[in-house]
Amino acid sequence: MDERKHDKNVSENEVKPFQPSVNFVEQAKVKDDSLYREAENDRLAFWSKMAENIEWMEKWDQVLDDQNPPFYKWFINGKLNVSVNCLDRHVNNGRGDKQALLFEGENGDTVSLTYKELLNEVCKFSNALKGLGIGKGDAVTIWMPMIPEAITAMLACTRIGAVHSVVFGGFSPEALKDRIKDSESKLVITADGANRRGKEIPMRSAAEEALDQSPTVEKVIIVERTGTSYQPKEGRDLLWEDLMKDAEDSCEPEIMDAEDPLFILYSSGTTGKPKGILHTTGGYLVGVDTTFRYVFDHREEDIYWCTADIGWITGHSYIVYGPLSAGSTTFIYEGTPDYPARDRFWELIEKYKITIFYTAPTAIRSFMRWGNQHPDKRDLSSLRLLGSVGEPINPEAWLWYHEHIGNANCPIVDTWWQTETGMIMITPLPGVTGLKPGSATMAFPGIEADVVDDQGNSTGPGQRGFLVIKSPWPAMLRTLYKDPERFENTYWKQYPGLYFTGDGAWKDGDGYFWIMGRVDDVLNISGHRIGTMEVESALVEHPSVTEAAVIGKVHEIKGHSITSFVTLKEGVEGSDDLVQELKAHVGKKIGAIARPEEIFFTYELPKTRSGKIMRRLLRDIAEQRDLGDVTTLMDPQVVSAIKEGYKEK
Ligand code: 7RM
């Protein structure tokens, strides 16, 4: 590990944090550091208090069981049901007529469900599932577009104790098949098709072979969304609508143990076999409920929009379980931000008077690239809080988001967390924390995060290292499904007793965390460790650049040489002069050592479907290796385009 001081041009001490406005603080849930101090004082007492916000059927008798690390257990012997917490309790508390779920389809069709109505739907579907012989502990795969039925299906599983495995609707049938197989699902819930940029994307017919080749699958339930045709398989395929028509609208919830499995979510790993990340019931709900209420400073009248897909952990924790447990109104949109026009999201914020908007840096960089005219022509004044998740956000994108979407008037919560952590871990509290663009700031109360060196010792201010979590937290993954050994090896073997996140990071003099990205994305240039993120940040600071990915190409002498793939702002043409200018720019920002040897222009970067740049593929291209399966990429064509371009050089 390199012990050099972090040699950024702007030292962290020169960055003047953005403080929340007086008006925001006045109304904020948390206004001072009391929550941090309370948790520092007694972490388990803090989580025990947070757990009081959940409705338990039987109270737990111990907060944490840490007798058999890393197989931690939370809220021992507590009994509860997640759907009761997300629905019944709000109906019983007089919020039955409050809107729980708002939906708009790509074609402008809408659905609005109150808590009472959503509870009815969930009970009906729960009964339908029970009628098909699905019960406690059975695995159910959900492969659906972003439509209300997907959320109904998830909640119905939790009501009857079935374990859902949501597979992102944009994944290929091949990927679906692997995940059905690993989870041994008895049931698959899908749709005839999905709407995407004005086209019908077939789902059920596309999955024909995958379903036929999945011997565990007894039944398939199909929502008719697009009218796309398919060959129903008699005795196996059933229509959602038919099942719902005759179903009873009340259903006794299953009494679940706090440690009963809630769901499996396969991580969109960049290599090898997907990891089935397993979350359980009590701790997960406490974690997402607490963080949703405090990180988003939730208020009764909020209309909240998280733009993730339910196929990702962000969709699970912060579209469905966190917001509904907190009794919020959660808005979902079926389509993409650029269809029918590039102001679609801003149109929706205006129409639904969205107050909290949570999206990803990759989306923000696209919005920047499309130009200010799109948000500028819409009324975004309902917004009071913005969020970012999924990747490090470069300061330029942060500032653009702050100014053009938030009208310099909304705090931005940059939230660091993982599928594995289940809940937000490093984040500002918007009424308390001064914000530094590009920093996810501080660990959430009750979370102990740190940066350590190779030996597992805490690094000093400005020294890079590995981000770790030092003690268990309620929403942590409990294991990798059917592979406890891989669970231990992946997360707990690097440092005894510490959870290894796989991310590189450093802390500044004020104790703020700066996340640099995955550690397999760290370069070694003549013995110096340089985060791909740092070079990428320098590149995107240049006015011509929208996005950049940096990789290290194996180099005989230096260890690595830096190759950069760069997407330019619209209207900017790539040229040799620009290549020279960008190299000089990086040299000036970071130092000659980080000057890219090669720069390639590309119309898009290869990304996973959740928007994370796949640097591994770029490395394979640069080192002329076979690329393997690229079908899980957002835009598989981009790889061949880059490959062609690369060969020509
Ligand atoms: C929520 C989610 C996890 C990885 C994580 C990081 C990166 C996520 C941030 C971030 C910097 C952030 N789950 N990451 N959020 N990096 N700042 N605010 O994305 O399992 O899909 O990915 O994403 O590398 O390890 S995930």
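Look above for the structure.
Just so you know, these numbers come straight off a predicted model, no measurement behind them. All residue numbers here refer to positions counted from 1 along the written sequence of the relevant chain. Local features in this predicted model are restricted to residues whose pLDDT is 70 or higher, and side-chain atom pairs enter the listing and the counts only when it is 80 or higher, whereas totals over whole chains, interfaces and linings include all residues. Values shown for side chains rest on all heavy atoms present in the structure; no hydrogens or waters enter the calculation.

Enquirer: With reference to specific residues and values, describe the nonpolar core.
Expert: Note on terminology: a nonpolar core comprises buried Ala, Val, Leu, Ile, Met, Phe, Trp, Tyr and Cys residues joined through side-chain atoms within 4.5 Å. Throughout this description, buried means an accessible area under 20% of the type-specific maximum (1.4 Å probe, protein chains only), exposed means over 50%, and partly exposed covers the range between. One finds F125, L155, I189, F296, Y318 and Y321 to be the most contacted residues of the largest nonpolar core, which totals 134 residues. Should any heavy atoms of two residues lie within 4.5 Å, those residues are considered in contact. Those residues in contact with Y318 that lie beyond four places of it in its chain are V288, T291, F292, F296, Y304, C306, I313, P323, Y358, W417, M423 and I424. Within the second largest apolar cluster, 29 residues are counted, among which are Y333, Y352, L380 and W398.

Enquirer: Lay out the packing of helix 13 (residues 361-370) against helix 15 (residues 395-405) in plain terms, naming residues and giving numbers.
Expert: Convention adopted: a line fitted to C-alpha atoms gives each axis, helices being fitted over their contacting stretch, and angles between N-to-C directions are expressed from 0 to 180 degrees. In DSSP terms, a helix is any run of H or I states spanning at least four residues, a strand is any run of E spanning at least two, and both are numbered starting from the N terminus. Two elements in contact, helix 13 and helix 15, have axes separated by 10 Å at closest approach and are oriented at 70°. Relative to helix 15, the element helix 13 is oriented roughly perpendicular. Read as a crossing pair, helix 13 and helix 15 show a hand that is left-handed. Judged by residue contacts, I364, R365, F367 and M368 of helix 13 engage E396, A397, W400 and Y401 from helix 15. Taken together, the residues that form the contact of helix 13 with helix 15 break down as six nonpolar, no polar and two charged. Between 65 and 115 degrees an angle is taken as roughly perpendicular, under 35 as roughly parallel, over 145 as roughly antiparallel, and anywhere else as oblique. Take the far helix as the reference: if the near one is turned anticlockwise from it by less than a right angle, the crossing is left-handed, and if turned clockwise, right-handed. Three classes are used: nonpolar for Ala, Val, Leu, Ile, Met, Phe, Trp, Tyr, Cys and Pro, charged for Asp, Glu, Lys and Arg, and polar for all others, with Gly counted as polar.

Enquirer: Explain the site of the ligand to me, using residue names and the numbers behind them.
Expert: By nearness alone, 16 residues border the ligand, and D414, T415, Q418, T419 and D503 come closest of all. Take T415: an N or O atom from its main chain is 2.8 Å from a nitrogen atom of the ligand. Distance and chemistry together define a polar contact, namely a pair of N or O atoms within 3.5 Å, with one atom able to donate a hydrogen and the other to accept it when in protein, and with adjacent residues in sequence counting only for side-chain atoms on both sides. At 3.0 Å, a side-chain N or O of Q418 approaches an oxygen atom of the ligand. To measure how exposed things are, a 1.4 Å probe is used in the Shrake-Rupley method; for residues, cover is taken only from the protein chains shown. About the coverage of the ligand: the protein hides 90% of its 530 Å² of free accessible area. At the level of secondary structure, the elements contributing two or more residues to the shell around the ligand comprise helix 11 (313-325), strand 20 (412-415) and strand 25 (513-518). By residue class, the composition of the shell around the ligand is six nonpolar, five polar and five charged. Note on definitions. A residue lies near a molecule or strand when any single heavy atom of the residue is within 4 Å of it.

Enquirer: Tell me about helix 12 (residues 344-352), and name the residues and values.
Expert: For helix 12, every residue scored as buried is listed here: R344, F345, W346, L348, I349 and Y352. Residue K353 follows helix 12 closely and has a positive phi angle near 50°.

Enquirer: Provide a residue-level description of the sheet that holds strand 25, including the pertinent values.
Expert: Spatial ordering of the open sheet is given by 21-22-24-25, a layout of four strands whose pairing is antiparallel. Only two strands of the sheet have a single partner each, and these edge strands are strand 21 (449-452) and strand 25. Strand-to-strand twist across the sheet, computed as the mean angle between neighbouring axes with direction ignored, equals 45°. Two strands pair if DSSP finds at least two bridges between them. Pairing analysis gives four bridges linking strand 21 to strand 22 (residues 465-469), with the strands arranged antiparallel. Residue pairing across strands places V451 opposite L467, the latter belonging to strand 22.

Enquirer: Which residues make up unusual backbone geometry, and what values do they have?
Expert: The omega torsion of the bond from P69 to P70 falls at 0°, within 30 degrees of zero and hence cis. Along the chain, P70 turns up in the loop between strand 1 (62-65) and strand 2 (73-76). Looking along the chain, the bond that leaves Y339 and enters P340 is cis, with omega of -5°. The backbone phi angle of R197 is positive, close to 50°, even though this residue is not glycine. Tracing the backbone shows R197 in the loop between strand 9 (193-196) and strand 10 (199-202). The backbone of K353 shows a phi angle near 50°, a positive value even though the residue is not glycine. With respect to the element layout, K353 can be found in the loop between helix 12 and strand 18 (356-359). For K353, a relative accessible area of 55% gives the class exposed.

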